[in-house]
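The lines below spell out each chain.
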Amino acid sequence: MASLIASPSASRILVLGGTTEAGRLAAALAARREMAAILSLAGRTAEAAPSALPRRIGGFGGIEGLMRWLAAERITAVVDATHPFAARISVNAAAACAALGLPLARLTRPAWTPQPGDRWQEVADARAAALALGAAPRRVFLTVGRLTLDAFTVAPQHRYLVRTIDAPDPPPALPDLTLVTARPPFTAEAETALMREHAVEVLVTKNSGGAATAGKLAAARALGLPVVVIRRPEKPAADTFLTVEAVLAWLEAHRPPP
Ligand SMILES: NC(=O)c1ccc[n+]([C@@H]2O[C@H](COP(=O)([O-])OP(=O)(O)OC[C@H]3O[C@@H](n4cnc5c(N)ncnc54)[C@H](OP(=O)(O)O)[C@@H]3O)[C@@H](O)[C@H]2O)c1
């Protein structure tokens, strides 16, 4: 496990990652000598993207485990740069920081919003998305992440085209399943071609936001297809920013006194 080496007066920062935004923040922090930072990943994907910062990988063991780790590493500030749908780690980070009196910031990306021509149906969660597909069999493009696929077993009548970064293991119990593994970014052109090739009738997506995976929304718009959009879960209150620069300024303002 990586740990932080820094002068005693430097900021000691934990970045909770697993996103493009966290990768960008990590690159910016690697250039700051006065801030020692470590990037934490859950270890969900088989191969983590390269990082300019030291990394630790795997869960902390709930709120208590995270509190123990923060105290042992003498962390002075936490940046939650996790995915908008990673709700538990954000709840844990907020609870652990509140208990230890540590400053907490969030780096996130704006949610997608429907554009003219979009045919969105917004739903609360994956089960609601599965039910929103209706009783009649349809050809569905499912882009909700490997760990959310099981929710669709309540609607086995559809033909599913499923795309994930790593193959689900075991695969979900869906009788008509075509699996594609690929890592973003995806262009609108490539998404349009994929949807055409598989004669997709409806797209299902989380409202993840960000440019890297927005191509499927443009493709659905161009093809006139309906989209079932899973709304973001609530995250606990924290100082929230949309840019790396804003987080760096916040970290500067929260440097421990010399
Ligand atoms: N959910 C998505 O759609 C999605 C999409 C892209 C990327 N990701 C990334 O994948 C990771 C896991 O997502 P999830 O939805 O499974 O999260 P989650 O439900 O919020 O977290 C489940 C557990 O995984 C561990 N964990 C999550 N993020 C961690 C991190 N950055 N460092 C160390 N441990 C972490 C924690 O375990 P302990 O309780 O043991 O500490 C947490 O309680 C997140 O880091 C997220 O940024 C998620």
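Before any of the text, the structure's been laid out above.
Below is a summary of the structure that appears in this document. All of these numbers come straight from a predicted model, not from anything done at the bench.

Calculation rules
- Residues numbered from 1 in each chain as written.
- Predicted model: local features only at pLDDT ≥ 70, side-chain atom pairs only at ≥ 80, totals over all residues.
- Heavy atoms only, no water.
- Buried < 20%, exposed > 50% of the residue type's maximum accessible area, 1.4 Å probe, protein only.
- Helix = DSSP H or I, 4+ residues; strand = E, 2+ residues; numbered from the N terminus.
- Arc of directions from axis to C-beta.
- Pairing = 2+ DSSP bridges.
- Right-handed = clockwise from strand over helix to strand, strands pointing away.
- Core = buried A, V, L, I, M, F, W, Y, C linked by side-chain atoms within 4.5 Å.
- Contact = heavy atoms within 4.5 Å.
- Near = heavy atom within 4 Å.
- Nonpolar A, V, L, I, M, F, W, Y, C, P; charged D, E, K, R; others polar.

### A short note on helix 2 (residues 62–72)
- Among the residues of helix 2, Gly65, Leu66, Trp69 and Leu70 are the ones counted as buried. What you see down the axis of helix 2 is that its buried residues fit within an arc of 135°, all on one side. Turned more than 90 degrees off the buried face of helix 2, the exposed positions are Glu64, Arg68 and Ala72.
- Phi turns positive one or two residues past the end of helix 2, at arginine 74, with a value near 50°.

### Focus: the pairing of strand 5 (residues 104–107)
- Across the two faces of strand 5 the burial is the same, with Leu104 and Arg106 and Ala105 and Leu107 all buried.
- By the bridge criterion, three bridges tie strand 4 (residues 77–80) to strand 5 in an arrangement that is parallel. Pairing of valine 78 across the sheet is with leucine 104, part of strand 5.
- In terms of handedness, the path from strand 4 via helix 3 (residues 87–100) over to strand 5 forms a crossover that is right-handed.
- Where strand 5 lies against strand 12 (residues 239–241), three bridges are found, and the strand directions are parallel. Within strand 12, the position partnered with alanine 105 by the bridge is aspartate 239.

### Topic: the nonpolar core
- Of all hydrophobic cores here, the largest spans 22 residues; its most connected members are Ile13, Val15, Leu25, Leu29 and Leu251.
- Of all the elements in the fold, those that place two or more residues in this core are strand 1 (11–16), helix 1 (20–30), strand 2 (35–41), strand 4, strand 5 and helix 7 (244–253).
- Sorting elements by how many residues they give to this core places helix 7 first, with five residues.
- Those residues within four positions of leucine 251 in sequence are excluded, and the remaining contacts are Ile13, Leu29, Met35, Ala77 and Val79.

### What about the site of the ligand?
- Close to the ligand lie 22 residues, the nearest being Gly17, Ser40, Phe60, Ile89 and Lys206.
- The dominant element in the shell around the ligand, judged by the number of residues it contributes, is helix 3, at four residues.
- Across the shell around the ligand, the residue classes tally to seven nonpolar, eleven polar and four charged.

### As for the environment of leucine 217
- When you line up the elements, leucine 217 lands in helix 6 (residues 215–223).
- Residue leucine 217 is classed as buried on the basis of its relative accessible area, which comes to 6%.
- When the C-alpha atoms of leucine 217 and valine 227 are compared, they prove to be 7.9 Å apart, with ten residues separating the residues in sequence.
- Among all residues touching leucine 217, those that are not within four sequence positions of it are Trp112, Asp118, Trp120, Leu203, Thr205 and Val227.

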